[in-house]
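Structural features, examined
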Amino acid sequence: MLAQKPSDNVVLDAEPPSEPARRAIGHSRARAPLHRGFIGAGAVLLIAAFATDSMYYTTALWQWANFSAWLITAGLIITLVAVMLLLLDFATGRAARLNTGSFILVTVAALLSLVNAFVHSRDAWTSVVPQGILLSALSAILLLIAGVRGWSLAIGRASGERP
Amino acid sequence: MSTASVRPIGALISLLALAACGSKPGDPARQYGPDPYLPEPHEYLLPPMSVPEAIGWKAGETPTVAAGIKVEALATGLEHPRTLYTLPNGDILVVESNSPGTEPYRPKDFIAGKVKARAGADAEGGNRITLLRDADGDGKPAIRTVFIDHLYSPYGIVLVADTLYVADTDAILAFNYVPGQTRITSPGVKLAELPAGPIDHHWTKSMTASADGTKLYVGVGSNSNITENGMAVEEGRAAIYEVDRLSGAKRIFASGTRNPTSVAFEPQTRQLFAVVNERDEIGPDLVPDYLTSIRQGAFYGWPYSYWGSHVDVRVHPQRPDLVAQAIRPDYALSSHVAPLGLLFSEGQHLSPVFTNGAFISEHGSWDRSPLNGYQVIFVAFVNGRPVGQPIPVVTGFLGEDNQTVHGRPVGLALDRSGALLVADDVGNTVWRVSATQPGS
């Protein structure tokens, strides 16, 4: 699970929790944004596609291009799940407002990766070189920056924490 | 993209495809003959696709033929009939078969599978050969038996002396045949292995025999569209083999033929010919499928180049040395028509027009909009060479709206009376095409 905010721990810092307090624990855990881990997971796969594209570029062994196609597809699916969870985070008050910079980074990376999924559906060398590996590299750079910024696409309500 | 295009992909993707579409499909007529129009290749985010929905034939519906010719169903309810062969006693063998089935390797394969299934390509094959006997020649076989069962994606078939050779996808099998036999139960003897799984992308093994019966010639398709499954799995593929009938010793007779789906000897010159299915996904007018004479030791370009020295940039590393050797085929059949059947007319009786030349069945396109193929054509020969524009012989496989397909023609044969037989693997029918006035 994600680290709890210090402020939450202060509230719970007491005797064995009563029934209302236990509900409060559950409530406080549920309030952690749901989308963040999925953004990270999807990004890892999309970044990995750049690594496998690089391997294909140097070896021309088809299985590397094959890995890339699956990594990009899976990365996009997980990112789509993350977006739905982001909406859920807003709907349930787990998120207050958009972290605009990270949101743009991830959105652009996802759109480039969507195009890249189609580039990778071509056959043989030109499914990767040159456009595919270029798109993979751009996505990887954008997502690494988003990673440094903490993967979160939203800013929480209560604490106003930095993502 | 037309309204017949594949729909289950979202609007965004269609936009991407539109943005990527570089060329409008041209008139297929410019791509018949020895010197076809060849546009610049394009690479797509989503290649042009258009696949009609398979609906089969209702009772009484048939393909269309010219005046003076009639068409009727010789047999219906078959299990994906692909190739036909007429035995010396007039019995007709129908090879019912389909791909052994391949696992998807890439996300794309799921979509491609769905697209082709729409046109009826995923139907289960019978893996058997059915015998039809129409002794009185009235077009209604009195005997219909399972001739050979439990085959493995069979396709090519040829009788030499008292031995029937059947090309399964992985081997040539030899069966003893006694004239008049209606069923063979003994297992075949393996004569030679052929390149097959685990991918087996182009699975059909077309086959014919030399006139003296000493050699078999086997068409083996590539294991991919354009080497996307790696070069290792292309070893011994996209080639035409010569197999010694008695010893089973085999060698590659010609190479670079992407998918040689039918091989046959031209009767006058005894020259080997093949129809070859060329590569996809570089445009609606690329690359034309072709009919060509097959010369010993010749290289026909795949994968490195097409129509002679037109380089395919999708192949890496490239081989300029092989491109320099690649020879141009004899006769283009226009793009993506998927020629599957090749039959020399041998002076048969349909019409004087068809005395000298080749019937070719065009299974029909998917990588193109509008559709192309879905008919049986005739290409006239002069002095053993294909000439002129083709003549449509059997049409009407497509619905009038071009969005549905009743049947798709595959294997061709002549019956004992000279009528043209056409296997239809979507309509699961064998059509018999004959002159309205016998002997005219």
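All of these numbers come straight from a predicted model, not from anything done at the bench.

1. Things to note about the overall build of chain B
When you go through chain B residue by residue, the secondary structure sums to three helices and 31 strands. For chain B, whose C-alpha radius of gyration is 20 Å, the value lies close to the compact-globule estimate of 22 Å for 440 residues. Referenced to the eigenvectors of the C-alpha coordinate spread, the extents of chain B come out at roughly 60 × 50 × 45 Å. Per-residue burial for chain B yields a buried fraction of 50% across its 440 residues. Relative to all contacts within chain B whose residues are 6 or more apart in sequence, the contacts with residues 24 or more apart total 61%.

2. Details of the packing of helix H4 (residues 62-91) of chain A against helix H5 (residues 100-119) of chain A
Residue and element names in this part refer to chain A. Two numbers describe how H4 lies on H5: the axes approach to 10 Å, and their chain directions differ by 140 degrees. In this view, H4 runs oblique relative to H5, as classed from their interaxial angle. Taken as a pair, H4 and H5 cross one another with a handedness that is left-handed. In contact with Ile-72, Thr-73, Gly-75, Leu-76 and Thr-79 of H4, H5 contributes Ala-110, Ser-113, Leu-114, Asn-116 and Ala-117. By residue class, the composition of the contact of H4 with H5 is five nonpolar, five polar and no charged.

3. Description of the confidence of the model for chain B
All names here are of chain B. Per-residue confidence for chain B gives a mean pLDDT of 92; residues scoring 70 or more make up 94%. A low-confidence stretch, residues 1-22 (pLDDT under 50), is modelled with 32 contacts involving residues beyond four sequence positions or located in other chains. Under the prediction, the complex receives an ipTM of 0.87, its pTM being 0.89.

4. Here we look at the packing of helix H3 (residues 35-59) of chain A against H4(A)
All names here are of chain A. Following both chains from N to C, one finds H3 and H4 inclined at 165 degrees, their axes separated by 8 Å at the closest point. Accordingly, the angle class assigned to the pair H3 and H4 is roughly antiparallel. The handedness of the crossing between H3 and H4 is left-handed. Across the contact of H3 with H4, the residue classes break down as 20 nonpolar, seven polar and two charged.

5. Some points on the nonpolar core
One broad rule of soluble globular proteins: the nonpolar side chains tend to lie buried together. Grouped together as the largest cluster of nonpolar side chains are 87 residues, with contacts concentrated most on Leu84(B), Leu93(B), Val94(B), Ile172(B), Val218(B), Ile240(B) and Leu421(B). Those residues in contact with Ile172(B) that lie beyond four places of it in its chain are Tyr165(B), Ala167(B), Leu191(B), Ala192(B), Leu194(B), Leu216(B), Val218(B) and Val243(B). Core analysis: the second largest hydrophobic core is formed by 45 residues, Leu45(A), Ala146(A), Leu153(A) and Tyr304(B) among them.

6. Some remarks on the pairing of strand E22 (residues 331-335) of chain B
All names here are of chain B. Counting buried positions along E22 gives five out of five residues, so the element sits mostly inside the fold. Relative to E22, strand E1 (residues 32-33) runs antiparallel, the two sharing two bridges. Counted as the bridge partner of Tyr-32 is Leu-333 from E22. Here three bridges tie strand E19 (residues 288-293) to E22, and the two strands are oriented antiparallel to one another. Within E22, the residue paired with Pro-288 across the bridge is Ser-335.

7. Some details on unusual backbone geometry
All names here are of chain B. Each neighbour pair has its own omega, and for Leu-286 with Val-287 the value is -10 degrees, a cis peptide bond. Summarising the element assignment, Val-287 is placed in the loop between strand E18 (272-276) and E19. In the segment running from His-316 into Pro-317, the intervening peptide bond is cis, with an omega of -5 degrees. By secondary structure assignment, the location of Pro-317 is in the loop between strand E21 (310-311) and helix H3 (320-325). Here the phi dihedral of Arg-270 falls at roughly 55 degrees; this positive angle occurs in a residue that is not glycine. The exposure class of Arg-270 is exposed, given the 11 C-beta atoms found within 10 Å. Positive phi is not limited to glycine here, since His-336 has a value of about 65 degrees.

What counts as what
Residues numbered from 1 in each chain as written. Chains lettered and ligands numbered in written order. Predicted model: local features only at pLDDT ≥ 70, side-chain atom pairs only at ≥ 80, totals over all residues. Helix = DSSP H or I, 4+ residues; strand = E, 2+ residues; numbered from the N terminus. Rg over C-alpha atoms; globule rule 2.2 N^0.38 Å. Buried ≥ 20, exposed ≤ 12 C-beta atoms within 10 Å, placed from the backbone. Contact = placed C-beta atoms within 7 Å. Axes fitted to C-alpha atoms, helices over the stretch in contact; angles between N-to-C directions. Parallel < 35°, antiparallel > 145°, perpendicular 65-115°, else oblique. Left-handed = near helix turned anticlockwise from the far one by under 90°. Nonpolar A, V, L, I, M, F, W, Y, C, P; charged D, E, K, R; others polar. pLDDT = per-residue confidence, 0-100. Core = buried A, V, L, I, M, F, W, Y, C linked by C-beta atoms within 7 Å. Pairing = 2+ DSSP bridges.

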